[in-house]
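Read off the chains here:
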Protein chains: 2
Amino acid sequence: MRVSELGRATGVDVETIRYYEKEGLLPAPARAANGYRHYDEAHLERLTFIRHCRALDMSLAEIRHLLDFVAHPQADCGEINRLVDEHLERVRARLKSLNALENQLVALRASCGTGHVAADCGILHELEAAAHGEACVCHPAGKGHPAVITRKAKER
Amino acid sequence: MRVSELGRATGVDVETIRYYEKEGLLPAPARAANGYRHYDEAHLERLTFIRHCRALDMSLAEIRHLLDFVAHPQADCGEINRLVDEHLERVRARLKSLNALENQLVALRASCGTGHVAADCGILHELEAAAHGEACVCHPAGKGHPAVITRKAKER
DNA sequence: TGAAAACCTTGTAGTCACTACAGGGTCAAC
DNA sequence: GTTGACCCTGTAGTGACTACAAGGTTTTCA
């Protein structure tokens, strides 16, 4: 298989395939006399494995880690569980913060009607009030105002 | 106020403050004879405004847009509503995909007990089965298997 | 007085997982 | 023989920072 065929077979962009090779996730394939890459079934499976993990939103570092276990089947699998657990924990933390965020945005959105001038816009007023240190609908007093953006709001 | 004082007052890293200036979000402050930046109340408010919007997970481009409205209070505010609505839509889409992801990870995690060798690990088996094109607990047949990572899984 | 620590400046490079080019080479069909 | 589809390598861009290098200034303390 040439690179574009592998790409078509897996739905992965050709440049992404070369990127995975450069990153050491996909082993370097054989080369034809003209320098073209030639892939076999093992590459296709490996690439599918990688994309499956990516669909689960795992980082390339996590996937590299999992691939180590595939290469060393005699290792204890406890660390695989730990990896999945930690990943799940991050997903849940992000879910929690996104849920809070949704509520804040809904409250903010409700503070403005339609069809007037920015000077009278409730949304802008709310945001400016917050900048003055006053309570805002999106971050009510006593509920903890994130002056500093916390890790959970930033992490991917 | 010098840059570190502004940083302490707002909880924002000094390098981030200089970054906002370079990006045109924070106006360039006055300079002392020695070249040190000197900020006033208006800068503090503007920076707090920016961080409040960042806490709502808005992009710097969105914030730039909002700041335009602060600068032009006579403009129609319809676009502010649109901006917040679109942002809310993105947050909800991400929430939906993260919810699905959580379920997938829980199913995957359940496929492995503890304390055995990687070769027998249910998680690894599931991931490898998926790479063989078989149905997996995390992406059951008929529920749509994302061979290609979809935008929703990628967007922040 | 002198030296160290704590500031400040600019500019550049790194993060992540790609994506998009530039500038070239190869190959098959017409 | 030329068009177009493919392939190669290498570099630069994305967003929102973060971290450093290499220098200048100011404050503090012995």
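Values in this document were obtained by computation on a predicted structure and should not be read as measured data.

Rules behind the numbers
Residues numbered from 1 in each chain as written. Chains lettered and ligands numbered in written order. Predicted model: local features only at pLDDT ≥ 70, side-chain atom pairs only at ≥ 80, totals over all residues. Heavy atoms only, no water. Core = buried A, V, L, I, M, F, W, Y, C linked by side-chain atoms within 4.5 Å. Buried < 20%, exposed > 50% of the residue type's maximum accessible area, 1.4 Å probe, protein only. Contact = heavy atoms within 4.5 Å. Domains from an automatic or database assignment. Buried area = accessible area lost by both parts, 1.4 Å probe. Salt bridge = Lys/Arg side-chain N within 4 Å of Asp/Glu carboxyl O. Polar contact = N/O pair within 3.5 Å; in protein donor to acceptor, adjacent residues only side chain to side chain. Nonpolar A, V, L, I, M, F, W, Y, C, P; charged D, E, K, R; others polar. Least-squares fit on C-alpha atoms with pLDDT ≥ 70 in both. Axes fitted to C-alpha atoms, helices over the stretch in contact; angles between N-to-C directions. Helix = DSSP H or I, 4+ residues; strand = E, 2+ residues; numbered from the N terminus. Parallel < 35°, antiparallel > 145°, perpendicular 65-115°, else oblique.

1. Section: the nonpolar core
Turning to step 1, where the next piece is worked out: If you look at the biggest cluster of nonpolar residues, it comprises 82 residues, and the most contacted ones within it are L66 and I80 of chain A together with L66, I80 and L105 of chain B.
Turning to step 2, where the next piece is worked out: Apart from residues lying up to four places away in sequence, I80 of chain B is in contact with A118, C121, I123 and L124 of chain A together with L66 and F69 of chain B.

2. With respect to the domain arrangement of chain A
All names here are of chain A.
Turning to step 1, where the next piece is worked out: Split into domains, chain A comes out as domain 1 (3-71) and domain 2 (78-155).
Turning to step 2, where the next piece is worked out: Every contact between the two is made by 7 residues of domain 1 and, on the other side, 5 residues of domain 2.
Turning to step 3, where the next piece is worked out: Summed over both partners, the interface of domain 1 with domain 2 comes to about 640 Å²; 70% of that surface belongs to carbon and sulfur atoms.
Turning to step 4, where the next piece is worked out: If you sort the residues of domain 1 by the area they bury against domain 2, E62, L66 and F69 come out on top, with a joint share of 61%.
Turning to step 5, where the next piece is worked out: The interface formed by domain 1 and domain 2 contains 1 salt bridge.
Turning to step 6, where the next piece is worked out: Across the salt bridge formed by E62 and R90, the nearest N and O atoms sit 2.5 Å from each other.
Turning to step 7, where the next piece is worked out: At the boundary of domain 1 with domain 2, the tally comes to 3 residue pairs in polar contact (both at pLDDT 80 or more).
Turning to step 8, where the next piece is worked out: By residue class, the composition of the side of domain 1 that touches domain 2 is 4 nonpolar, 1 polar and 2 charged.

3. Let's talk about the relation of the copies chain A and chain B
Turning to step 1, where the next piece is worked out: Superposition record for chain A on chain B: RMSD 0.2 Å, screw rotation 180°, translation along axis 0.0 Å. In the structure described here, the two chain copies are related by an operation that fits a two-fold rotation axis.
Turning to step 2, where the next piece is worked out: The overlap is high: 100% of the interface residues of chain A also sit at the interface in chain B, so the same surface is used on both sides.

4. Remarks on the packing of helix α2 (residues 14-22) of chain B against helix α3 (residues 41-55) of chain B
Residue and element names in this part refer to chain B.
Turning to step 1, where the next piece is worked out: Direction vectors running N to C along α2 and α3 enclose 100°, while the axes themselves pass 12 Å from each other. Accordingly, the angle class assigned to the pair α2 and α3 is roughly perpendicular. Of the residues in α3, those touching α2 at T16, I17 and Y20 are L47, I50, R51 and R54.
Turning to step 2, where the next piece is worked out: Residue composition of the contact of α2 with α3, by class: 4 nonpolar, 1 polar and 2 charged.

5. Some words on the interface of chain A and chain B
Turning to step 1, where the next piece is worked out: Taken together, the contacts link 68 residues of chain A with 68 residues of chain B.
Turning to step 2, where the next piece is worked out: The junction of chain A with chain B conceals about 5,900 Å² of combined surface from both sides, 68% of it contributed by carbon and sulfur atoms.
Turning to step 3, where the next piece is worked out: Where chain A meets chain B, there are 6 salt bridges.
Turning to step 4, where the next piece is worked out: The residue R92 of chain B makes a salt bridge to E102 of chain A at a minimum N-O spacing of 2.6 Å.
Turning to step 5, where the next piece is worked out: Viewed at the interface, chain B and chain A are joined by 13 residue pairs in polar contact (both at pLDDT 80 or more).
Turning to step 6, where the next piece is worked out: Secondary-structure elements contributing two or more residues to the side of chain A that touches chain B are α3 (41-55), α4 (60-71), α5 (78-110), α6 (122-131) and α7 (151-154) of chain A.
Turning to step 7, where the next piece is worked out: Of the residues forming the side of chain A that touches chain B, the biggest block, 19 residues, is contributed by α5 of chain A.
Turning to step 8, where the next piece is worked out: Each residue belonging to the side of chain A that touches chain B can be placed in one class, and the counts come to 38 nonpolar, 16 polar and 14 charged.

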